[in-house]
Amino acid sequence: MTALSFLLGHTIIILQGTIHMSDWQLQLGEDDAYRSLQAAWERVMKALEERLNKPSFESWIRPTRPLALDGPVVRLGTPSRFAKHYVETRYLDTIRELLELELGQPVHVQFELVEANEPVLMTDRLPRKPVQRPPEDEDEPLSQPLNSRYTFENFVVGASNRLAHACAVSVAETPGKTYNPLFIYGGSGLGKTHLMQAIGHHIGDNEPHLRVLYVSGETFTYHYITALREHKTSQFRRKYRDVDVWLVDDIHFLVGKERTEEEFFHTYNALYDTGKQIVLTSDRAPKELDLDNRLLSRFECGMIADIKPPDLETRLAIIQSKAANENMTLPYEVMLYIASLITTNIRQIEGALIKLHAYASLMRTQITESLAQELLGNYFTPPSQAIVDAQKVQQQVARRFNLDVEDLKGPSRTKDIVVARQVAMYLMRQLTDWSLPAIGRAFGGRDHTTVLHACKCIAAKIALDKAFSNLVEDLAKEIRDGRNC
Ligand code: ADP
Ligand code: MG
């Protein structure tokens, strides 16, 4: 398994196939990775046994088996499609967090069917055979649980998510009154689910009489096909229409599932027409979703807000806030290193912090920049590394500051030249794999402590001065993209 699979984030991959008992046996090799997974899983089971009530633990966790540890991917087997869905929607985050602590590395959890002949939920076509359903499901609440960490208080606001955050706050304060529907879109790991659930928490706290239903597109599909199969569509409709705030996460999951999309359309209209608040998230803008135009035009009637990848300053603020929440002490250089290494996915930033935290507490050591490089460098390759050469950094910086490259290398200590030189050193450190002494040599034979000092000065200035931070970020982007200033 390569770093790429980790870069895909912690999303669950719904497997197209079904694993049978014999395949399962084959995968249980006596290798070290499997043994450590097995030991970790036993400890995770113990922790879950303490946290969950007995019926939930016995029904869902006890039958779950570790299958394999494949790089960062942990494969767990569940005995039925229903169990797979149940464990995925309710316990995924907890299981992942516990496994990460036990294994001391970020993991990506995949659930797979073992000993099951049922088709897996890839389309909304009805399965041919009726599936036996555990009795617990009768009383199953419709809403998926909200993650207690996904609150407005824990959400760091920056330029990339400011609009989406403001709209979410407004909707949470006056549901059904301002933006309806609110449609939030953006790439994976950028905070869509966090913001959506923050709306749910806020309304739950302030207007507890309102019924809030949070559901993913996938779970909506699952509920609907189950209702169809069991001839309970009127019950399904009654339950779904009896809500005041409908939060539907990842509605791109409905693409290609015509019957579910049709049902979604009717549910949507029923709620919208009675003034209920609807919030939707998707990985694409409405016009890029291959859904029925009737539905798209309804989405476009409301407020559409995108979330972009966070800029350096916001990434730093997120790292600071997450480290503080975990009581982690991280030197500024380490924070800066992570913020420069992982630029497009906050979930990955969290994974990096978990890895560092686990390592530091297991080994009882301080986290330094070189330790962070060693632990994270293989997982996250900065997009720039292969293409940026050091000379180019000097040329672009000199051009942006209206100087010659020779000025950067020379002895002058005039203020403009010093700042430009420090920016060039900082960017060379961030964008290339050059060591501090090598960078020093490229600037007229300066000492490596001068380079380190330059990097710290620029990092501090970035944190304090927004315009300066934009300038540096912009320059880095230009250098990476190979554009001239
Ligand atoms: P998405 O739904 O867009 O894929 P999530 O909402 O699941 O992303 O966010 C991924 C992780 O990153 C979550 O743990 C979330 O708390 C965190 N996160 C995302 N954006 C922010 C932010 N602005 N401030 C703090 N944490 C964030
Ligand atoms: Mg999400």
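Residues numbered from 1 in each chain as written. Chains lettered and ligands numbered in written order. Predicted model: local features only at pLDDT ≥ 70, side-chain atom pairs only at ≥ 80, totals over all residues. Heavy atoms only, no water.

> What am I meant to see in the overall build of the protein chain here?
If you tally the helices and strands in the protein chain, you get 21 helices and 8 strands. Here the protein chain holds 485 residues, and the buried ones make up 52% of them. Once local pairs closer than 6 in sequence are excluded, the contacts in the protein chain between residues at least 24 apart make up 76%. Here the protein chain displays about 22,600 Å² of accessible surface, and carbon together with sulfur accounts for 50% of that area. (Helix = DSSP H or I, 4+ residues; strand = E, 2+ residues; numbered from the N terminus. Buried < 20%, exposed > 50% of the residue type's maximum accessible area, 1.4 Å probe, protein only. Contact = heavy atoms within 4.5 Å. Areas by Shrake-Rupley, 256 points an atom, 1.4 Å probe, with all protein chains shown as cover.)

> How should I be thinking about the pattern of salt bridges in this particular structure?
Going through the model one piece at a time under the given rule, you end up with 22 salt bridges. Between Arg294 and Asp292 there is a salt bridge, and its shortest N-O distance comes to 3.2 Å. Relative accessible area serves as the criterion here: at 31%, Asp292 is assigned to the partly exposed category. Between Asp306 and Lys308 there is a salt bridge, and its shortest N-O distance comes to 3.1 Å. (Salt bridge = Lys/Arg side-chain N within 4 Å of Asp/Glu carboxyl O.)

> Before we go on, may I ask you to explain the sheet that holds strand E5 (residues 212–216) in this structure?
In a beta sheet, neighbouring strands are held together by backbone hydrogen bonds and run either parallel or antiparallel to one another. Within the open sheet, the 5 strands sit side by side as E5-E6-E7-E4-E8. Their pairing is parallel. Where the open sheet ends on each side, the last strands, each with one partner, are E5 and strand E8 (303–307). With direction set aside, neighbouring strand axes in the sheet form an average angle of 15°. Helix H8 (residues 217–229) rests against E5 and strand E6 (245–249) of the sheet, and its axis sits at about 95° to E5. (Pairing = 2+ DSSP bridges. Axes fitted to C-alpha atoms, helices over the stretch in contact; angles between N-to-C directions.)

> Would you explain the site of ligand 1 in this entry?
Looking at ligand 1, there are 18 residues lining it, with Gly189, Lys192, Thr193, His194 and Glu350 nearest. Between a nitrogen atom of ligand 1 and a side-chain N or O atom of Asn161, the distance comes to 3.4 Å. At 3.2 Å, a backbone N or O of Leu190 approaches an oxygen atom of ligand 1. Alone, ligand 1 offers 550 Å² of accessible surface; in the complex the protein occludes 96% of this. Of all the elements in the fold, those that place two or more residues in the shell around ligand 1 are helix H7 (192–206), helix H12 (312–325) and helix H14 (346–363). (Near = heavy atom within 4 Å. Polar contact = N/O pair within 3.5 Å; in protein donor to acceptor, adjacent residues only side chain to side chain.)

> For this particular structure, what's the right way to read the side chain of His252?
Mapped onto the fold, His252 is located in the loop between E6 and helix H10 (258–273). A polar contact is formed between the side chain of His252 and the backbone nitrogen of Asp283, at a distance of 2.9 Å. Discounting residues that sit within four places of it in the chain, His252 has contacts with Ser282, Asp283, Arg284 and Leu289.

> Honestly, the environment of Val169 in this entry has me stumped. Any pointers?
Relative to the assigned elements, Val169 resides in helix H6 (residues 162–173). Taking the C-alpha atoms as reference, Val169 lies 9.9 Å from Met196; in sequence the two are 27 residues apart.

> Can you help me understand the packing of H10 against helix H11 (residues 293–301) in this one?
Each pair of packed helices can be summarised by the angle the axes make with each other and by the distance between the axes. For the pair H10 and H11, interaxial distance at closest approach is 10 Å and the crossing angle is 35°. Crossing hand, H10 versus H11: left-handed. On the side of H10, the interface is formed by Glu261, Glu262, Phe264, Phe265, Tyr268 and Asn269, while H11 contributes Arg294, Leu295, Arg298 and Phe299. Here the residues of the contact of H10 with H11 are counted per class, giving 5 nonpolar, 1 polar and 4 charged. (Left-handed = near helix turned anticlockwise from the far one by under 90°. Nonpolar A, V, L, I, M, F, W, Y, C, P; charged D, E, K, R; others polar.)

> Would you explain unusual backbone geometry in this entry?
Most peptide bonds are trans, and most residues other than glycine sit at a negative phi. With omega at -5°, the peptide bond leading from Asn180 into Pro181 counts as cis. Structurally, Pro181 is set in the loop between H6 and strand E4 (182–186). Unusually for a residue other than glycine, His231 sits at a positive phi of about 55°. Here His231 is to be found in the loop between H8 and helix H9 (233–241). Owing to a relative accessible area of 72%, His231 belongs among the exposed residues under this scheme. Despite not being glycine, Arg364 has its phi angle at roughly 50°, a positive value. By secondary structure assignment, the location of Arg364 is in the loop between H14 and helix H15 (369–376). Residue classification places Arg364 among the exposed residues on the basis of a relative accessible area of 77%.

> Please explain the nonpolar core as it appears in this structure.
Considering soluble globular proteins, one finds that nonpolar side chains tend to be buried as a cluster. Leu330, Ile338, Leu356, Tyr426 and Leu427 are the most contacted members of the largest nonpolar core, which has 54 residues in total. With 9 residues, the single largest contributor to this core is helix H18 (residues 415–431). Among all residues touching Leu427, those that are not within four sequence positions of it are Val393, Val397, Thr432, Val472, Leu475, Ala476 and Ile479. (Core = buried A, V, L, I, M, F, W, Y, C linked by side-chain atoms within 4.5 Å.)

> Help me out: how do you make sense of the packing of aromatic side chains in this one?
Two descriptors summarise a pair of aromatic rings, namely the distance from one centre to the other and the angle between the planes of the rings. Enumeration according to the criterion identifies 13 aromatic pairs in this entry. The interplanar angle of 85° and the centroid separation of 5.0 Å between the aromatic rings of Phe220 and Tyr240 together place this pair among those described as edge-to-face. Of this pair, Phe220 sits in helix H8 while Tyr240 sits in helix H9, placing them 20 residues apart in sequence. Across the pair, Tyr240 and Phe220 agree in class, each one buried. Among the aromatic residues, ring-to-ring pairing joins Phe183, Tyr185, Phe220, Tyr224, Phe236, Tyr240, Trp246, Phe264, Tyr268, Tyr272 and Phe299 into one connected group. Across the ring face of Phe468, the terminal group of Lys461 is positioned such that the distance to the ring centre comes to 4.7 Å. (Phe/Tyr/Trp six-rings, centres within 6.5 Å; stacked < 30°, edge-to-face > 60°. Lys NZ or Arg CZ within 6 Å of the ring centre and 35° of its normal.)

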